[in-house]
Amino acid sequence: MTAPLLEVIDLVKEFPVRGKGIIPRNVGTVQAVSGVSFTLHPGETLGLVGESGCGKSTTGRAILQLHKPTSGSVRFEGRELTTMSTKQLRPLRKDIQIVFQDPYASLNPKWQVNDIIAEPLQIHGAEGPRGAVQRRVDELLELVGLNPEHRNRYPHEFSGGQRQRIGIARALALNPRFMVLDEPVSALDVSVQAGVVNLLEELQERLGLAYLFVAHDLSVVRHISDRVAVMYLGKIIEMGERETIYNRPMHPYTQALLSAVPMPDPKQERKRQRIVLTGDVPSPVNPPSGCRFRTRCWKAQDICAVEEPRLERRGGPDGTLSACHFAEERQVV
Ligand SMILES: Nc1ncnc2c1ncn2[C@@H]1O[C@H](COP(=O)(O)OP(=O)(O)OP(=O)(O)O)[C@@H](O)[C@H]1O
Ligand SMILES: [Mg+2]
(Lines give C-alpha, C1' and ligand atoms only; values in the text may rest on other atoms or scores of the structure.)
(Ligands and ions follow the chains in the order given, each with its own letter.)
Protein backbone atom coordinates (compact mmCIF):
# COMPACT_ATOMS: atom_id res chain seq x y z
CA MET A 1 0.00 0.00 0.00
CA THR A 2 1.35 3.41 -0.91
CA ALA A 3 1.52 6.24 1.64
CA PRO A 4 -1.75 8.15 1.88
CA LEU A 5 -2.09 11.29 -0.19
CA LEU A 6 -4.58 12.84 2.20
CA GLU A 7 -5.26 12.12 5.85
CA VAL A 8 -8.19 13.77 7.57
CA ILE A 9 -8.24 13.19 11.30
CA ASP A 10 -11.10 14.20 13.59
CA LEU A 11 -12.02 17.21 11.47
CA VAL A 12 -14.43 19.62 13.14
CA LYS A 13 -16.02 22.72 11.66
CA GLU A 14 -18.48 24.83 13.60
CA PHE A 15 -20.15 28.05 12.51
CA PRO A 16 -21.45 30.62 15.00
CA VAL A 17 -25.18 31.38 14.86
CA ARG A 18 -25.73 35.10 15.29
CA GLY A 19 -28.76 36.61 16.99
CA LYS A 20 -30.93 39.24 15.30
CA GLY A 21 -30.30 42.15 17.73
CA ILE A 22 -28.72 45.48 16.83
CA ILE A 23 -25.43 44.18 18.21
CA PRO A 24 -25.45 40.58 16.96
CA ARG A 25 -24.32 38.11 19.56
CA ASN A 26 -23.49 34.45 19.12
CA VAL A 27 -26.55 32.53 20.19
CA GLY A 28 -25.46 29.04 19.23
CA THR A 29 -23.18 26.90 17.11
CA VAL A 30 -23.89 25.00 13.91
CA GLN A 31 -22.01 21.74 14.22
CA ALA A 32 -21.52 21.31 10.49
CA VAL A 33 -18.71 18.72 10.65
CA SER A 34 -18.20 16.82 13.90
CA GLY A 35 -15.12 14.64 13.89
CA VAL A 36 -14.67 13.30 10.37
CA SER A 37 -11.69 11.01 9.66
CA PHE A 38 -10.61 9.23 6.50
CA THR A 39 -7.61 8.67 4.26
CA LEU A 40 -7.27 8.85 0.52
CA HIS A 41 -4.54 7.24 -1.56
CA PRO A 42 -3.10 8.51 -4.85
CA GLY A 43 -5.44 7.76 -7.74
CA GLU A 44 -8.30 6.73 -5.44
CA THR A 45 -11.90 7.98 -5.30
CA LEU A 46 -13.85 8.28 -2.07
CA GLY A 47 -17.55 8.98 -2.59
CA LEU A 48 -19.02 11.16 0.18
CA VAL A 49 -22.81 10.92 0.31
CA GLY A 50 -25.65 12.07 2.54
CA GLU A 51 -28.73 14.25 2.64
CA SER A 52 -28.66 18.01 2.14
CA GLY A 53 -27.08 19.89 5.05
CA CYS A 54 -25.16 16.91 6.50
CA GLY A 55 -21.82 18.68 6.05
CA LYS A 56 -20.41 17.30 2.79
CA SER A 57 -19.44 20.63 1.23
CA THR A 58 -18.13 21.95 4.54
CA THR A 59 -15.88 18.88 4.79
CA GLY A 60 -14.54 19.54 1.28
CA ARG A 61 -13.97 23.20 1.97
CA ALA A 62 -12.33 22.58 5.34
CA ILE A 63 -9.89 20.15 3.67
CA LEU A 64 -8.98 22.86 1.17
CA GLN A 65 -8.71 25.38 4.03
CA LEU A 66 -11.36 27.53 2.34
CA HIS A 67 -13.07 27.21 5.74
CA LYS A 68 -10.52 27.21 8.56
CA PRO A 69 -11.26 24.00 10.53
CA THR A 70 -12.32 24.51 14.16
CA SER A 71 -10.11 21.57 15.12
CA GLY A 72 -8.62 18.40 13.72
CA SER A 73 -5.92 17.63 11.27
CA VAL A 74 -5.65 17.67 7.48
CA ARG A 75 -2.41 16.23 6.10
CA PHE A 76 -1.59 16.33 2.43
CA GLU A 77 1.45 14.23 1.52
CA GLY A 78 2.36 14.28 5.19
CA ARG A 79 2.20 18.07 5.53
CA GLU A 80 -0.22 19.56 8.03
CA LEU A 81 -2.41 22.14 6.27
CA THR A 82 -4.44 23.46 9.21
CA THR A 83 -1.53 25.34 10.76
CA MET A 84 -0.20 26.81 7.51
CA SER A 85 -0.43 30.51 6.71
CA THR A 86 -2.07 31.69 3.48
CA LYS A 87 1.41 32.19 2.07
CA GLN A 88 2.53 28.69 3.00
CA LEU A 89 -0.63 27.25 1.46
CA ARG A 90 -0.20 29.04 -1.87
CA PRO A 91 2.17 26.56 -3.55
CA LEU A 92 -0.09 23.70 -2.40
CA ARG A 93 -3.10 25.27 -4.10
CA LYS A 94 -1.70 23.84 -7.33
CA ASP A 95 -1.96 20.29 -6.03
CA ILE A 96 -5.47 20.53 -4.60
CA GLN A 97 -8.40 21.80 -6.65
CA ILE A 98 -12.18 21.98 -6.35
CA VAL A 99 -14.98 21.68 -8.91
CA PHE A 100 -18.33 23.12 -7.85
CA GLN A 101 -21.88 22.02 -8.48
CA ASP A 102 -23.06 24.96 -10.50
CA PRO A 103 -20.67 25.59 -13.36
CA TYR A 104 -22.45 28.79 -14.29
CA ALA A 105 -22.07 30.43 -10.90
CA SER A 106 -18.45 29.40 -10.60
CA LEU A 107 -17.34 30.68 -14.05
CA ASN A 108 -17.09 34.42 -14.61
CA PRO A 109 -19.79 35.10 -17.26
CA LYS A 110 -17.95 38.16 -18.62
CA TRP A 111 -14.79 36.27 -19.44
CA GLN A 112 -13.96 34.24 -22.49
CA VAL A 113 -13.24 30.58 -21.85
CA ASN A 114 -9.64 31.22 -22.78
CA ASP A 115 -9.19 33.67 -19.91
CA ILE A 116 -11.12 31.51 -17.45
CA ILE A 117 -8.80 28.58 -18.02
CA ALA A 118 -5.62 30.68 -18.32
CA GLU A 119 -6.21 32.53 -15.04
CA PRO A 120 -4.80 29.90 -12.66
CA LEU A 121 -1.76 29.53 -14.96
CA GLN A 122 -1.16 33.25 -14.78
CA ILE A 123 -1.74 33.53 -11.02
CA HIS A 124 0.77 30.80 -10.38
CA GLY A 125 3.19 32.35 -12.84
CA ALA A 126 3.44 29.46 -15.25
CA GLU A 127 6.63 30.64 -16.92
CA GLY A 128 7.53 29.66 -20.42
CA PRO A 129 8.00 30.93 -23.92
CA ARG A 130 5.32 33.17 -25.44
CA GLY A 131 2.35 31.21 -26.55
CA ALA A 132 2.93 28.49 -23.93
CA VAL A 133 -0.15 29.53 -21.93
CA GLN A 134 -2.26 29.49 -25.09
CA ARG A 135 -1.02 26.06 -26.01
CA ARG A 136 -1.76 24.79 -22.54
CA VAL A 137 -5.31 26.21 -22.67
CA ASP A 138 -5.92 24.47 -26.00
CA GLU A 139 -4.50 21.24 -24.65
CA LEU A 140 -6.81 21.46 -21.62
CA LEU A 141 -9.86 22.14 -23.80
CA GLU A 142 -9.04 19.05 -25.84
CA LEU A 143 -8.43 17.01 -22.70
CA VAL A 144 -11.99 17.69 -21.48
CA GLY A 145 -13.53 17.05 -24.90
CA LEU A 146 -14.12 20.65 -26.02
CA ASN A 147 -13.10 22.20 -29.30
CA PRO A 148 -10.12 24.57 -28.82
CA GLU A 149 -11.55 26.74 -31.59
CA HIS A 150 -14.29 27.74 -29.14
CA ARG A 151 -11.75 29.35 -26.82
CA ASN A 152 -13.07 32.86 -27.44
CA ARG A 153 -16.66 32.05 -26.53
CA TYR A 154 -18.35 33.02 -23.28
CA PRO A 155 -19.78 30.58 -20.70
CA HIS A 156 -23.40 31.25 -21.75
CA GLU A 157 -22.62 29.99 -25.25
CA PHE A 158 -22.06 26.49 -23.89
CA SER A 159 -24.47 23.84 -22.60
CA GLY A 160 -24.52 22.90 -18.91
CA GLY A 161 -22.40 19.81 -19.45
CA GLN A 162 -19.89 21.76 -21.53
CA ARG A 163 -19.70 24.47 -18.87
CA GLN A 164 -18.87 21.84 -16.29
CA ARG A 165 -16.12 20.63 -18.63
CA ILE A 166 -14.72 24.18 -18.65
CA GLY A 167 -14.73 24.15 -14.83
CA ILE A 168 -12.86 20.84 -14.91
CA ALA A 169 -10.31 22.17 -17.44
CA ARG A 170 -9.67 25.15 -15.20
CA ALA A 171 -9.22 22.90 -12.16
CA LEU A 172 -6.76 20.74 -14.14
CA ALA A 173 -4.66 23.65 -15.41
CA LEU A 174 -2.00 23.34 -12.72
CA ASN A 175 -1.75 19.53 -12.74
CA PRO A 176 -3.35 18.84 -9.36
CA ARG A 177 -3.02 15.49 -7.64
CA PHE A 178 -6.25 15.74 -5.70
CA MET A 179 -9.65 17.24 -6.53
CA VAL A 180 -12.73 17.80 -4.41
CA LEU A 181 -15.67 17.32 -6.77
CA ASP A 182 -18.59 18.95 -4.95
CA GLU A 183 -21.72 17.57 -6.64
CA PRO A 184 -20.12 18.07 -10.06
CA VAL A 185 -23.08 16.63 -11.99
CA SER A 186 -26.05 17.36 -9.70
CA ALA A 187 -27.06 20.48 -11.61
CA LEU A 188 -26.90 18.73 -14.99
CA ASP A 189 -29.56 16.89 -16.97
CA VAL A 190 -29.48 13.17 -16.28
CA SER A 191 -28.72 12.62 -19.97
CA VAL A 192 -25.39 14.48 -19.72
CA GLN A 193 -24.38 13.38 -16.22
CA ALA A 194 -22.87 10.08 -17.38
CA GLY A 195 -20.70 11.84 -19.98
CA VAL A 196 -19.16 14.11 -17.34
CA VAL A 197 -18.68 11.24 -14.85
CA ASN A 198 -16.98 9.17 -17.58
CA LEU A 199 -14.74 12.11 -18.41
CA LEU A 200 -13.74 12.44 -14.75
CA GLU A 201 -12.95 8.74 -14.67
CA GLU A 202 -10.83 8.92 -17.84
CA LEU A 203 -8.95 11.94 -16.51
CA GLN A 204 -8.31 10.13 -13.26
CA GLU A 205 -6.76 7.21 -15.10
CA ARG A 206 -4.66 9.35 -17.39
CA LEU A 207 -3.46 11.80 -14.78
CA GLY A 208 -3.42 9.66 -11.62
CA LEU A 209 -5.79 12.00 -9.77
CA ALA A 210 -7.40 11.27 -6.41
CA TYR A 211 -11.00 12.42 -5.94
CA LEU A 212 -13.28 13.22 -3.05
CA PHE A 213 -16.57 12.92 -4.93
CA VAL A 214 -19.43 14.58 -3.04
CA ALA A 215 -23.02 13.70 -3.92
CA HIS A 216 -26.36 13.43 -2.18
CA ASP A 217 -27.38 10.68 -4.56
CA LEU A 218 -25.92 7.23 -3.95
CA SER A 219 -26.46 6.14 -7.53
CA VAL A 220 -24.16 8.87 -8.88
CA VAL A 221 -21.08 7.80 -6.89
CA ARG A 222 -21.56 4.07 -7.36
CA HIS A 223 -19.89 4.00 -10.72
CA ILE A 224 -16.84 6.07 -9.91
CA SER A 225 -15.98 5.40 -6.24
CA ASP A 226 -13.49 2.90 -4.88
CA ARG A 227 -14.79 3.46 -1.36
CA VAL A 228 -17.90 5.21 -0.09
CA ALA A 229 -18.45 7.20 3.12
CA VAL A 230 -21.99 7.98 4.25
CA MET A 231 -22.54 11.13 6.30
CA TYR A 232 -25.37 12.03 8.63
CA LEU A 233 -25.53 15.29 10.61
CA GLY A 234 -21.82 16.10 10.47
CA LYS A 235 -20.49 12.57 10.98
CA ILE A 236 -19.43 9.65 8.83
CA ILE A 237 -21.72 6.84 9.97
CA GLU A 238 -20.50 4.16 7.57
CA MET A 239 -17.51 3.73 5.29
CA GLY A 240 -16.25 0.84 3.21
CA GLU A 241 -15.47 -0.65 -0.17
CA ARG A 242 -17.96 0.40 -2.81
CA GLU A 243 -19.43 -3.02 -3.54
CA THR A 244 -19.82 -4.02 0.09
CA ILE A 245 -21.51 -0.73 0.99
CA TYR A 246 -23.97 -1.15 -1.88
CA ASN A 247 -24.59 -4.87 -1.52
CA ARG A 248 -24.30 -5.46 2.21
CA PRO A 249 -24.80 -2.18 4.09
CA MET A 250 -24.57 -2.43 7.90
CA HIS A 251 -25.91 0.89 9.16
CA PRO A 252 -29.70 1.48 9.21
CA TYR A 253 -29.23 4.89 7.60
CA THR A 254 -27.22 3.47 4.68
CA GLN A 255 -29.85 0.77 4.30
CA ALA A 256 -32.59 3.39 4.15
CA LEU A 257 -30.71 5.54 1.62
CA LEU A 258 -30.05 2.52 -0.59
CA SER A 259 -33.61 1.32 -0.42
CA ALA A 260 -34.62 4.58 -2.13
CA VAL A 261 -32.26 4.13 -5.12
CA PRO A 262 -34.18 2.66 -8.07
CA MET A 263 -32.78 -0.61 -9.41
CA PRO A 264 -32.20 -1.12 -13.13
CA ASP A 265 -33.62 -4.65 -13.04
CA PRO A 266 -37.45 -4.48 -12.71
CA LYS A 267 -37.58 -7.98 -11.13
CA GLN A 268 -35.19 -6.92 -8.37
CA GLU A 269 -37.01 -3.61 -8.05
CA ARG A 270 -40.31 -5.43 -7.34
CA LYS A 271 -38.76 -7.78 -4.78
CA ARG A 272 -37.06 -5.15 -2.76
CA GLN A 273 -38.40 -3.57 0.42
CA ARG A 274 -38.37 0.17 0.84
CA ILE A 275 -37.37 1.69 4.15
CA VAL A 276 -39.12 5.00 4.58
CA LEU A 277 -37.51 7.26 7.15
CA THR A 278 -39.91 9.25 9.28
CA GLY A 279 -39.29 12.75 10.61
CA ASP A 280 -36.88 15.44 9.49
CA VAL A 281 -33.12 15.65 9.92
CA PRO A 282 -32.59 17.29 13.34
CA SER A 283 -30.94 20.72 13.52
CA PRO A 284 -27.13 20.69 13.51
CA VAL A 285 -27.34 23.49 16.12
CA ASN A 286 -28.79 21.04 18.60
CA PRO A 287 -28.07 17.48 17.48
CA PRO A 288 -29.53 14.54 19.43
CA SER A 289 -27.45 13.04 22.25
CA GLY A 290 -25.74 9.72 21.68
CA CYS A 291 -26.33 8.52 18.15
CA ARG A 292 -27.40 11.41 15.96
CA PHE A 293 -29.53 9.14 13.79
CA ARG A 294 -31.53 7.62 16.65
CA THR A 295 -34.51 10.00 16.32
CA ARG A 296 -35.28 8.50 12.90
CA CYS A 297 -34.06 4.98 13.47
CA TRP A 298 -36.34 1.96 13.76
CA LYS A 299 -33.69 0.04 15.67
CA ALA A 300 -33.06 2.68 18.35
CA GLN A 301 -33.00 1.60 22.01
CA ASP A 302 -32.11 3.34 25.27
CA ILE A 303 -28.36 2.94 24.81
CA CYS A 304 -28.50 4.95 21.57
CA ALA A 305 -29.50 8.12 23.45
CA VAL A 306 -26.69 7.75 25.96
CA GLU A 307 -23.71 6.28 24.22
CA GLU A 308 -22.45 7.52 20.92
CA PRO A 309 -21.57 4.55 18.69
CA ARG A 310 -18.04 4.78 17.36
CA LEU A 311 -17.19 4.29 13.70
CA GLU A 312 -15.57 0.87 13.85
CA ARG A 313 -15.66 -2.68 12.50
CA ARG A 314 -18.77 -4.41 13.72
CA GLY A 315 -18.51 -7.94 12.44
CA GLY A 316 -19.69 -7.08 8.97
CA PRO A 317 -17.84 -7.47 5.69
CA ASP A 318 -14.09 -6.94 5.83
CA GLY A 319 -13.13 -3.33 6.08
CA THR A 320 -16.59 -1.85 6.55
CA LEU A 321 -16.76 0.61 9.43
CA SER A 322 -20.15 1.36 10.96
CA ALA A 323 -21.23 3.69 13.75
CA CYS A 324 -24.24 1.76 15.09
CA HIS A 325 -24.76 -0.31 18.24
CA PHE A 326 -27.07 -2.58 16.27
CA ALA A 327 -25.23 -2.70 12.96
CA GLU A 328 -26.18 -5.77 11.01
CA GLU A 329 -25.69 -6.83 7.43
CA ARG A 330 -28.70 -6.48 5.22
CA GLN A 331 -28.81 -7.86 1.69
CA VAL A 332 -30.18 -5.13 -0.53
CA VAL A 333 -32.25 -7.63 -2.50
N1 LIG B 1 -20.82 29.62 5.96
C2 LIG B 1 -21.71 29.04 6.79
N3 LIG B 1 -22.21 29.68 7.87
C4 LIG B 1 -23.09 29.10 8.71
N5 LIG B 1 -23.55 27.85 8.54
C6 LIG B 1 -23.12 27.16 7.47
C7 LIG B 1 -22.19 27.71 6.54
N8 LIG B 1 -21.94 26.78 5.57
C9 LIG B 1 -22.69 25.70 5.89
N10 LIG B 1 -23.41 25.92 7.03
C11 LIG B 1 -24.31 24.97 7.69
O12 LIG B 1 -23.57 23.78 7.94
C13 LIG B 1 -24.36 22.63 7.71
C14 LIG B 1 -23.70 21.76 6.65
O15 LIG B 1 -23.76 22.43 5.39
P16 LIG B 1 -23.10 21.87 4.06
O17 LIG B 1 -23.26 22.90 3.03
O18 LIG B 1 -21.72 21.40 4.35
O19 LIG B 1 -24.02 20.61 3.75
P20 LIG B 1 -24.07 19.70 2.44
O21 LIG B 1 -24.05 18.29 2.93
O22 LIG B 1 -23.04 20.11 1.48
O23 LIG B 1 -25.53 19.99 1.88
P24 LIG B 1 -26.06 20.08 0.34
O25 LIG B 1 -26.31 18.66 -0.08
O26 LIG B 1 -27.31 20.85 0.47
O27 LIG B 1 -25.01 20.77 -0.46
C28 LIG B 1 -25.74 23.14 7.30
O29 LIG B 1 -26.56 23.17 8.44
C30 LIG B 1 -25.46 24.53 6.81
O31 LIG B 1 -26.59 25.36 7.01
MG1 LIG C 1 -23.11 20.85 -0.47
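Residues numbered from 1 in each chain as written. Chains lettered and ligands numbered in written order. Predicted model: local features only at pLDDT ≥ 70, side-chain atom pairs only at ≥ 80, totals over all residues. Heavy atoms only, no water.

For the record of the protein, the UniProt heading Sequence similarities (unreviewed entry) holds the text "Belongs to the ABC transporter superfamily." (UniProt positions renumbered as here; feature names shortened; annotations may be inferred.)

(A) Quick look at the overall build of the protein. When helices and strands are tallied, the protein shows twelve helices and twelve strands. Its C-alpha radius of gyration of 21 Å places the protein within 12% of the 20 Å reference for a compact globule of 333 residues. Once the C-alpha set of the protein is aligned to its principal axes, its extents read approximately 70 × 60 × 45 Å. A total of 333 residues make up the protein; the buried ones form 47% of that total. The long-range share in the protein, meaning contacts at least 24 apart out of those at least 6 apart in sequence, stands at 64%. For the protein, the computed accessible surface area is about 16500 Å², with 48% contributed by carbon and sulfur atoms. Looking at the protein, you have 42 positive and 38 negative side-chain charges, and the mean spots of the two groups are 4 Å apart. (Helix = DSSP H or I, 4+ residues; strand = E, 2+ residues; numbered from the N terminus. Rg over C-alpha atoms; globule rule 2.2 N^0.38 Å. Buried < 20%, exposed > 50% of the residue type's maximum accessible area, 1.4 Å probe, protein only. Contact = heavy atoms within 4.5 Å. Areas by Shrake-Rupley, 256 points an atom, 1.4 Å probe, with all protein chains shown as cover. Lys, Arg positive; Asp, Glu negative; His and termini not counted. Charge placed at Lys NZ, Arg CZ, Asp CG, Glu CD.)

(B) Quick peek at the state of the cysteines. Here the structure, examined in full by the defined rule, presents zero disulfides. Looking at C291, it has no disulfide partner, and the nearest cysteine sulfur is the one in C304, 6.1 Å off. Here C297 is not cross-linked by a disulfide; its sulfur's nearest cysteine counterpart is in C324, at 5.8 Å. (Disulfide = S-S within 2.5 Å.)

(C) Here's a closer look at the sheet that holds strand β4 (residues 71–76). The sheet built from four strands is open, its strands ordered β2-β1-β4-β5 with antiparallel pairing. Looking at the sheet topology across the chains shown, the edges are occupied by β2 (26–40) and β5 (79–80). Alignment of strand β1 (residues 6–18) against β4, held across five bridges, turns out to be antiparallel. The residue bridging I9 from the neighbouring strand is S73, located in β4. Strand contacts of helix α1 (residues 56–63): β1, β2 and β4, with the helix running at about 115° to β1, the strand carrying the most contacts. (Pairing = 2+ DSSP bridges. Axes fitted to C-alpha atoms, helices over the stretch in contact; angles between N-to-C directions.)

(D) Quick look at the pairing of β1. Where β1 lies against β2, eleven bridges are found, and the strand directions are antiparallel. Of the residues in β2, the one forming a bridge with P16 is T29.

(E) Expanded view of the packing of aromatic side chains. This structure, assessed with the given rule, holds four aromatic pairs. Connected via pairs of aromatic rings, a cluster forms that spans Y232, Y253 and F293. (Phe/Tyr/Trp six-rings, centres within 6.5 Å; stacked < 30°, edge-to-face > 60°.)

(F) Just the nonpolar core, in detail. Membership of the largest hydrophobic core comes to 54 residues, with the highest contact counts inside it found for I168 and L172. Of all hydrophobic cores here, the second largest spans 32 residues; its members include L6, L40, F178 and V214. (Core = buried A, V, L, I, M, F, W, Y, C linked by side-chain atoms within 4.5 Å.)

(G) Here's a closer look at unusual backbone geometry. Positive phi, close to 50°, is recorded for E183, a residue that is not glycine. If you trace the backbone, E183 turns up in the loop between β7 (178–182) and α7 (190–207). What makes E183 buried here is its relative accessible area of 8%. Its identity is not glycine, yet L233 carries a phi of approximately 40°, on the positive side. Inspection of the secondary structure puts L233 in the loop between β9 (227–232) and β10 (235–241).

(H) Seen up close, the sheet that holds strand β11 (residues 312–313). What the eight strands build is an open sheet, ordered β6-β7-β8-β3-β9-β10-β12-β11; its pairing is mixed. The sheet is open, and its two borders are formed by β6 (96–99) and β11, each paired with just one other strand. With two bridges joining them, β11 and strand β12 (residues 321–322) adopt antiparallel strand pairing. If you follow E312 over to β12, its bridge partner there is S322. Here α1 sits on the sheet and contacts β3 (45–49), β7, β8 (210–215) and β9; the angle it forms with β8, its principal contact strand, is near 150°. Against the sheet, helix α10 (residues 252–259) touches β9 and β10, its axis set at about 105° to β9.

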